[in-house]
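# Per-entry structural report
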2 protein chains.
Amino acid sequence: MSESASPTVSGRRLEHPETSRIRLETVLGALADPIRLSIVCALAGGHEDMACVAFDLPVSKSTSTHHFRVLREAGIIRQYYVGTARKSSLRTDDLAERFPGLLPSVLNAERGRREEHPDGPT
Amino acid sequence: MSESASPTVSGRRLEHPETSRIRLETVLGALADPIRLSIVCALAGGHEDMACVAFDLPVSKSTSTHHFRVLREAGIIRQYYVGTARKSSLRTDDLAERFPGLLPSVLNAERGRREEHPDGPT
DNA sequence: CTCGTACTACGATGGTTATCGTACTTTGGC
DNA sequence: GCCAAAGTACGATAACCATCGTAGTACGAG
């Protein structure tokens, strides 16, 4: 890896769609899943740069990997390696540029839902 | 709607979820389909109260029925019979109350997409 | 009453997706 | 070098969903 000396960041690369190619239907489809919605909500709630394992999702590791990939390929999150961990962050600015207001309204709605049903997942 | 003696309105009933029971994931899932998105866009574009047949969708009649049902059961549209026709309208106010800003941002995003790709469907 | 229109119900089919377990890879620490 | 931790790749499975065709229902016009 000729990535001149960044010892903590892995040379492993992950594909991310560029902002202009993020598709609305794909984003909506990615958000139409309770587990992925909870991931996005956690990332938006000040938990940026969390490792996948820190989310404690009610699914197996391989399923978790799957959901993170769906979010990444939809253009909703960005992922990068730090050691063995893969950290994630919301592409808030990119989404705001491409679909203004969409992510905030979804997050707002999801937060409202959790106030109604505090016994829900995550 | 006035129950007694409305000769143009059929007695056939259609189930609609009440506003407080509209679920975010269901709404997002319903919108994550290009055909349903085009229906919603058409309804928002001043074509309220259109009969299903007026949309000229690139699918069969039974598939069209299916998509309208998904939208109705998600709480996105309201449907009622007028003679043999079944007309549809967006539940704009209900959605704005339940998920403020969500529908406008989706519609705005979809309109932007159509400016990029005017050769797309519908 | 009959016919055409508009839509629905049902069953089938094929494609996508969510889930899992197992085996593997990459990385960092000892 | 070896091991544990974190995650990935792969294959299997089951559920879901979009699509269709056919047959049927409701309504209005004549």
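Structure's up top.
Given the structure is predicted, the values throughout are model-derived calculations rather than measurements. (Residues numbered from 1 in each chain as written. Chains lettered and ligands numbered in written order. Predicted model: local features only at pLDDT ≥ 70, side-chain atom pairs only at ≥ 80, totals over all residues. Heavy atoms only, no water.)

### Focus: the nonpolar core
Threshold: Joining through side-chain atoms within 4.5 Å is the link that ties buried Ala, Val, Leu, Ile, Met, Phe, Trp, Tyr and Cys residues into a set, and such a set is a nonpolar core. Three labels apply to residues, based on accessible area from a 1.4 Å probe with only protein chains included: buried if under 20% of the type maximum, exposed if over 50%, partly exposed otherwise in between. Secondary structure follows DSSP: runs of H or I at least 4 residues long count as helices, runs of E at least 2 residues long count as strands, and numbering of each begins at the N terminus. Throughout, a residue-residue contact means that at least one pair of heavy atoms, one from each residue, lies within 4.5 Å.
In this structure, Ile76 and Leu102 of chain A together with Ile76 of chain B are the most contacted members of the largest nonpolar core, which totals 60 residues. Elements that contribute at least two residues to this core include exactly helix 1 (24–31), helix 2 (34–44), helix 3 (61–74) and helix 5 (102–116) of chain A together with helix 1 (24–31), helix 2 (34–44), helix 3 (61–74) and helix 5 (102–116) of chain B. Setting aside residues no more than four positions away along its own chain, Ile76 of chain A makes contact with Val27, Ala30, Leu31, Val40, Leu71, Ser89, Leu90, Arg91 and Leu95 of chain A.

### Remarks on the protein's contact with DNA strand C
The criterion, for reference: Nearness of a residue to a molecule or strand requires only that one of the residue's heavy atoms be within 4 Å of it. By the criterion applied in these results, polar contacts are pairs of N or O atoms within 3.5 Å in which, for protein atoms, one can donate a hydrogen and the other can accept it, and in which residues neighboring in sequence qualify only through two side-chain atoms.
The environment of DNA strand C is formed by 25 residues, the closest being Ser60 and His67 of chain A together with Lys61, Thr65 and Arg86 of chain B. Restricting attention to atoms of DNA strand C within 4 Å of the protein, one finds that 66% of them are sugar or phosphate atoms. Separating a phosphate oxygen of DNA strand C from a side-chain N or O atom of Thr63 of chain A is a distance of 2.9 Å. Between DNA strand C and the protein, one listed contact pairs a base nitrogen with a side-chain N or O atom of Lys61 of chain B at 3.0 Å. Broken down by secondary-structure element, the contributors of at least two residues to the surface near DNA strand C are helix 2 and helix 3 of chain A together with helix 3 and strand 3 (85–90) of chain B.

### Thoughts on the interface of chain A and chain B
We apply this condition: Defined here as a combined quantity, buried area equals the accessible surface (1.4 Å probe) lost by two parts on assembly, summed across both. Gly falls in the polar group here, along with every residue not listed as nonpolar (Ala, Val, Leu, Ile, Met, Phe, Trp, Tyr, Cys, Pro) or charged (Asp, Glu, Lys, Arg).
Across the contact, 20 residues belong to chain A and 20 residues belong to chain B. In this assembly, chain A packs against chain B so that about 1700 Å² is buried in total across both faces, 66% of it on carbon and sulfur atoms. The three residues of chain A that bury the most area against chain B are Leu24, Glu25 and Leu28 of chain A, which together make up 31% of that side's buried surface. At the boundary of chain A and chain B, one finds zero residue pairs in polar contact (both at pLDDT 80 or more). Every element with two or more residues in the side of chain A that touches chain B is listed here: helix 1, helix 2 and helix 5 of chain A. When residues of the side of chain A that touches chain B are assigned to their parent elements, the largest contribution, eight residues, is made by helix 5 of chain A. Of the residues assigned to the side of chain A that touches chain B, the class counts are eleven nonpolar, four polar and five charged.

### Structural notes on the pattern of salt bridges
What counts here: Any Lys or Arg side-chain nitrogen located within 4 Å of an Asp or Glu carboxyl oxygen qualifies as a salt bridge.
Per the counting criterion, the structure on display carries ten salt bridges over all chains. Linking Arg23 of chain B and Glu25 of chain B is a salt bridge whose minimum nitrogen-to-oxygen distance equals 3.1 Å. The salt bridge involving Arg113 of chain B is made with Glu110 of chain B; its shortest N-O contact spans 3.0 Å. You can see Arg113 of chain B and its partner Glu110 of chain B sitting in helix 5, three residues apart, about one turn around the helix. By relative accessible area, which is 16% here, Arg113 of chain B ends up buried. A relative accessible area of 2% places Glu110 of chain B in the buried class. Ionic contacts of the salt-bridge type, sharing partners, join the residues Arg78, Arg91 and Asp94 of chain A into one network.

### Notes on the relation of the copies chain A and chain B
For the record, the criterion: All copies are superposed by least squares; the fitting set is the C-alpha atoms of residues with a pLDDT of at least 70 in both.
Superposing chain A onto chain B takes a rotation of 180° combined with a translation of 0.0 Å along the rotation axis, leaving an RMSD of 0.0 Å. Such a combination of rotation and displacement between the chain copies is what one expects of a two-fold axis. Most of the interface of chain A is mirrored in chain B, where 100% of its interface residues are also at the interface.

### Regarding the sheet that holds strand 1 (residues 50–51) of chain B
Residues and elements named next belong to chain B. To keep things clear, this is the line we draw: Paired strands, in this sense, are two strands between which DSSP finds at least two bridges. Convention adopted: a line fitted to C-alpha atoms gives each axis, helices being fitted over their contacting stretch, and angles between N-to-C directions are expressed from 0 to 180 degrees.
The strand order 1-3-2 describes an open sheet built from three strands, whose pairing is antiparallel. Among the strands making up the open sheet, the edge pair consists of strand 1 and strand 2 (77–82). Examined bridge by bridge, strand 1 and strand 3 share two bridges and lie antiparallel to one another. Looking across to strand 3, one finds that Ala51 is bridged to Lys87. Taken strand by strand, helix 2 contacts strand 2 and strand 3, and its axis lies near 80° from that of strand 3. With respect to the sheet, helix 3 is in contact with strand 2 and strand 3, its orientation differing from that of strand 2 by roughly 125°.

Just geometry here; none of it tells us what the structure is for.
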